[in-house]
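# Structure assessment
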Amino acid sequence: MTRTPEHLIESTVSLLNEVRDHAPLVQCVTNAVVTNFTANVLLALGAAPAMVDIPGEAGPFAGIASGVLINLGTPTSGQREAMREAALAATNDGTPWVLDPVAIGALPVRTALAAELKTARPTIVRGNASEIIAFDGAGAGGRGVDATDGVEDAVDAARRIAGVTGGVVAVSGPVDVVTDGDHEARLGNGDVLLTRVTGGGCALGAVMAAFAGVTTDRFAATVAAVTVYNVAAEVATARAVGPGSFAVAFLDALAGLDADTVRARAVIS
Amino acid sequence: MTRTPEHLIESTVSLLNEVRDHAPLVQCVTNAVVTNFTANVLLALGAAPAMVDIPGEAGPFAGIASGVLINLGTPTSGQREAMREAALAATNDGTPWVLDPVAIGALPVRTALAAELKTARPTIVRGNASEIIAFDGAGAGGRGVDATDGVEDAVDAARRIAGVTGGVVAVSGPVDVVTDGDHEARLGNGDVLLTRVTGGGCALGAVMAAFAGVTTDRFAATVAAVTVYNVAAEVATARAVGPGSFAVAFLDALAGLDADTVRARAVIS
Amino acid sequence: MTRTPEHLIESTVSLLNEVRDHAPLVQCVTNAVVTNFTANVLLALGAAPAMVDIPGEAGPFAGIASGVLINLGTPTSGQREAMREAALAATNDGTPWVLDPVAIGALPVRTALAAELKTARPTIVRGNASEIIAFDGAGAGGRGVDATDGVEDAVDAARRIAGVTGGVVAVSGPVDVVTDGDHEARLGNGDVLLTRVTGGGCALGAVMAAFAGVTTDRFAATVAAVTVYNVAAEVATARAVGPGSFAVAFLDALAGLDADTVRARAVIS
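All figures in this text were calculated on a predicted structure; none of them were measured in a lab. (Residues numbered from 1 in each chain as written. Chains lettered and ligands numbered in written order. Predicted model: local features only at pLDDT ≥ 70, side-chain atom pairs only at ≥ 80, totals over all residues. Heavy atoms only, no water.)

## A look at the pattern of salt bridges
In a structure, side chains of opposite charge can pair up when their charged atoms sit close to one another. Residue and element names in this part refer to chain C. For clarity, the threshold we go by: The salt bridge criterion pairs a side-chain nitrogen of Lys or Arg with a carboxyl oxygen of Asp or Glu, the two atoms within 4 Å. Under the DSSP-based scheme used, a helix requires at least four consecutive residues in state H or I and a strand at least two consecutive residues in state E, with every element numbered from the N terminus. Using a 1.4 Å probe on the protein chains alone, a residue whose accessible area is under 20% of its type maximum counts as buried, one over 50% counts as exposed, and one in between counts as partly exposed.
In total, this model carries 36 salt bridges over all chains according to the counting rule given. Between Glu 10 and Arg 263 there is a salt bridge, and its shortest N-O distance comes to 2.7 Å. Residue Glu 10 is found in helix 1 (residues 5-22), and its partner Arg 263 is found in helix 11 (residues 259-265); the two are separated by 253 residues along the sequence. In this structure Glu 10 comes out as partly exposed when scored by relative accessible area, which is 38%. Judged by its relative accessible area of 38%, Arg 263 is partly exposed. Arg 186 is the partner of Glu 184 in a salt bridge, and the nearest nitrogen-oxygen pair spans 3.6 Å.

Put into structure tokens, the structure is as follows:
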């Protein structure tokens, strides 16, 4: 497949249309802090959120869903069981699923769970540099949810993870890196205000699941998710006074984003 | 009781004043996605939210509360026990309670729980057409939280449920239907942006509990809740750029809604 | 230490700078309704939120965090265990921690837990008058989360609690009272719109943990937290149409608050 920046920009535009046309059903097993924002981001994008996260339902639903997000932010014991169910069912049924190993490394319960979920081969892994390094088994994790490593420091780890999972890995930062082991893209959009709103990163994982739900090209889906999300952030920043109005404008911008704006602003290399 | 549209509009106006004057205490046992929005909707309306949802507290509190909402959106095992407690205590103590059987049909745990809660005779049942049909025992449920059936297709089911519970049933959709088996109203207010904000339906259940907390006329309370809520949505739409600014404007509109606006906009037949 | 209003205003200004310079890591074990708003308030302030609230992680993390909030709003059984862990670890490691005994008195599970956590000697206790009186063991609690007692009625109880914990106690209301048993301050800022947004009080507890994370002077930290928070609310009110736009403007105001505004508006006696 051609992976030039020009092709990736065009696939981003066409996948955004696909998401809006098909409203992929995105199951989220995610943390208590960001469920609301995540659902609103999916709705603004044109996807259909479903926060099905209890044992006995999470597995069966992963077979129905177009895509699944598993985010380790506040993993209660019930959620951990639901995550195992959903990951296995998604892998078995061919539903693409995204793993966001929030704050692993320093925190023992989620770190053990992340290692376990790695064996179920997530379609996409998304994290900041410290989380990706920890997920690779090489680091000691960051400071809570904040990365203490640079994105480029995590690229080798990202490639190794892709080698193990056979999927895509995205490292978030000022410039995001997406790799599937064979191809790599660097994505330069976004705004620092996204880091001043809780769930700025977590909701992106759900958006990746939405895009992965409309195409089998998961590399292009991941690039499209990051680019659409971060271009919307740039549009929102122009309308914002601070983090409160930014979050509101971001949902508006995501709902109103058009192909011309994506083409004019996308920074992919 | 007179059930003409004109009388229902006037009872809506007077019940809105009652809610603001008495600030009914509304206990919510609701899903993790919408707790924040639901509490903010109740506060904007003039009611007093209390999210008391753990076993050992949910039952006793249902005796103190003016109204109770039980929403099956993300029913953890602890919440399921709390829901049983709250439903039984509410029925025993005469506290009106609203059941919102979110996404039942396809999902086994909540479907079984909904059937069990039905026997406790909810004062008001609120759902989209697919949920109401599933609650009646006749359907296979919708697609996650989205209805795949039309509102009118669910009216017979709604009537049968009212016959079993002795209460009121509300079917949400472009035109909402409210029935207690004897009377029926069709409510034409609202805006599609409400479906682009998570909790747009869930918070309405809490508003119904607030209105039911200030009158023994639960049919009028349900009509008032739907009408006030949906008229506020129309006011908000005029000030919104997209779903983000709509949610903000909706809370402002709910807090500022006056009798003249309700009378000028209410569409009841 | 000098405790004149003038000195407290200057320490408020300098502690706000400290928070922004050091971005204290604030662990929150808080209720499901307000996690999102609380995290956004901390981010707007310039602190780093981490909602680590499961057993096995909450304790170890309390040793890493700069400050800890324990809020009893929706205490699931898992959270209760995490709260015990976090409180003990914080006390052992010298991490300042804030206890917010939401709605204790009427509700049995959290009331027993609050009594237990009292023995771990919280650095700061924050509540409305009814909660503070109940925490002192003298009252029957309020009406859900709303105070039914006046702030001044709770001052003796606050002093007694400070005597037992050796820490600071803050009573929220139209005029807030802060006491450590030896010193007392009355803080007159704020706006009634803060009571129309859920988490208006709960997020303040997290802000106290942030300020306590940058100084060993916990009395000054508590005064600074209340003053910064309530001055931001006043700034936001001027830009708000109702509770929805107020919450948005409040986050913007918190992020943009400068020393001159604090000095011009602070009401401390």
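Additional details are given in the paragraphs that follow.
## As for the interface of chain C and chain B
Keep this limit in mind: In this description, contact between two residues means that some pair of their heavy atoms is separated by no more than 4.5 Å. In short, buried area is how much 1.4 Å probe accessible area vanishes from two parts on joining, totalled over both.
Counting residues at the interface gives 27 residues for chain C, matched by 27 residues for chain B. A buried area of about 1900 Å², summed over both sides, lies between chain C and chain B, and 62% of it is on carbon and sulfur atoms. Connecting chain C to chain B are one salt bridge. Listing elements by their share of the side of chain C that touches chain B, those giving two or more residues are helix 5 (108-118) and helix 10 (243-256) of chain C. Considering every element that reaches the side of chain C that touches chain B, the biggest residue donor is helix 10 of chain C, with four residues.

## Some points on helix 9 (residues 218-237) of chain A
Note the cut-off: Helix span, as expected, comes to 1.5 Å for every residue beyond the first.
With 20 residues, helix 9 of chain A ought to run about 28 Å at 1.5 Å a step, and its terminal C-alpha atoms sit 28 Å apart, in line with that. Taken across its 20 residues, helix 9 of chain A has 18 buried, putting it largely inside the fold.

## Things to note about the pairing of strand 7 (residues 176-179) of chain A
Working note: regular strand, side chains alternate between the two faces of the sheet. All names here are of chain A. Here is the rule: Whether two strands pair comes down to DSSP finding at least two bridges between them.
Burial of the side chains of strand 7 extends over both faces: Asp 176 and Val 178 are buried on one face and Val 177 and Thr 179 on the other. Pairing analysis gives three bridges linking strand 6 (residues 168-172) to strand 7, with the strands arranged antiparallel. What sits directly across from Val 169, in strand 7, is Thr 179. Counted between consecutive antiparallel strands, the loop separating strand 6 from strand 7 contains three residues. Pairing analysis gives four bridges linking strand 7 to strand 8 (residues 184-187), with the strands arranged antiparallel. For Thr 179, the partnering residue across the bridge sits in strand 8 and is Glu 184. Hairpin connection between strand 7 and strand 8: a loop of four residues separates the two successive antiparallel strands, and Gly 181 in this loop has a positive phi of roughly 95°.

## Description of the relation of the copies chain C and chain B
The following threshold applies: Least squares is the method for superposing the copies, and the C-alpha atoms it fits come from residues with pLDDT of at least 70 in both.
For the pair chain C and chain B, the relating rotation is 120°, the translation along its axis is 0.0 Å, and the fit reaches an RMSD of 0.0 Å. The superposition operator between the copies reduces to a three-fold rotation axis. Relative to the rotation axis, the closest C-alpha in chain C is found at Ala32(C), a distance of 3.8 Å. Looking at the interface residues of chain C, only 4% of them are also at the interface in chain B, so each copy uses its own face.

## Quick notes on the interface of chain B and chain A
Quick note on the threshold: Counting of polar contacts relies on pairs of N or O atoms within 3.5 Å, with two restrictions inside protein: one atom must be capable of donating a hydrogen and the other of accepting it, and residues adjacent in sequence are counted only when both atoms are side-chain atoms. When residues are sorted by character, Ala, Val, Leu, Ile, Met, Phe, Trp, Tyr, Cys and Pro go into the nonpolar class, Asp, Glu, Lys and Arg into the charged class, and all the rest, Gly among them, into the polar class.
Counting residues at the interface gives 27 residues for chain B, matched by 27 residues for chain A. With both sides pooled, the region where chain B packs onto chain A buries about 1900 Å², and carbon together with sulfur makes up 62% of that total. For the pair chain B and chain A, the number of links is one salt bridge. Arg110(B) serves as the salt-bridge partner of Glu57(A), at 2.6 Å between the closest nitrogen and oxygen. Here chain B is connected to chain A by ten residue pairs in polar contact (both at pLDDT 80 or more). Those elements that place two or more of their residues in the side of chain B that touches chain A are helix 5 (108-118) and helix 10 (243-256) of chain B. Considering every element that reaches the side of chain B that touches chain A, the biggest residue donor is helix 10 of chain B, with four residues. Residues belonging to the side of chain B that touches chain A are distributed by class as follows: 13 nonpolar, nine polar and five charged.

## As for the relation of the copies chain B and chain A
It takes a turn of 120° to lay chain B on chain A, together with a shift of 0.0 Å along the axis; the resulting RMSD is 0.0 Å. By residue overlap, the copies meet through two different surfaces: only 4% of the interface positions of chain B are interface positions in chain A.

## Regarding the environment of Glu18(C)
Position of Glu18(C) relative to the elements: it lies in helix 1. Each C-alpha atom of the pair Glu18(C) and Val214(C) lies 6.4 Å from the other, and the pair is 196 residues apart in sequence.

## Let's talk about the packing of helix 1 (residues 5-22) of chain A against helix 9 of chain A
All names here are of chain A. Selection criterion: Orientation is described by lines fitted to C-alpha atoms, with helices fitted over the stretch in contact, and by angles between N-to-C directions that extend from 0 to 180 degrees. Here is the rule for angles: anything less than 35 degrees is roughly parallel, anything more than 145 is roughly antiparallel, 65 through 115 is roughly perpendicular, and the remaining ranges are oblique.
Where helix 1 contacts helix 9, the axes come no closer than 9 Å and their chain directions differ by 80°. Comparing the axis directions of helix 1 and helix 9 gives the class roughly perpendicular. Contacts between helix 1 and helix 9 involve Leu 8, Ser 11, Thr 12, Leu 15 and Leu 16 from the former and Phe 219, Ala 220, Ala 221, Val 223, Ala 224, Thr 227 and Val 228 from the latter. Along the lines of polarity and charge, the residues of the contact of helix 1 with helix 9 split into nine nonpolar, three polar and no charged.

## Quick notes on the packing of aromatic side chains
How two aromatic rings sit relative to each other is set out by the distance from centre to centre and by the angle between their planes. What counts is decided by this rule: Think of it this way: a Phe, Tyr or Trp ring, Trp meaning its six-membered ring, pairs with another when their centres are within 6.5 Å, and the plane angle makes it stacked under 30 degrees, edge-to-face over 60, tilted otherwise. When the NZ atom of lysine or the CZ atom of arginine is within 6 Å of a ring's centre and also within 35 degrees of its normal, the charge is said to sit over that ring.
Within this structure, the stated rule accounts for nine aromatic pairs over all chains. Here the aromatic residues Phe37(A), Tyr229(A), Phe246(A) and Phe250(A) are joined through ring pairs into a cluster of three or more. The ring of Phe135(B) has Lys118(B) sitting right over it, with the charged end atom 5.1 Å from the ring centre.

## Description of the environment of Thr35(A)
By secondary structure assignment, the location of Thr35(A) is in helix 2 (residues 35-45). Placed 167 residues apart in sequence, Thr35(A) and Cys202(A) show a C-alpha to C-alpha distance of 9.1 Å. Those residues in contact with Thr35(A) that lie beyond four places of it in its chain are Thr30(A), Met51(A), Ala32(B) and Val33(B). Side-chain polar atoms of Thr35(A) contact the backbone oxygen of Ala32(B), separated by 3.2 Å.

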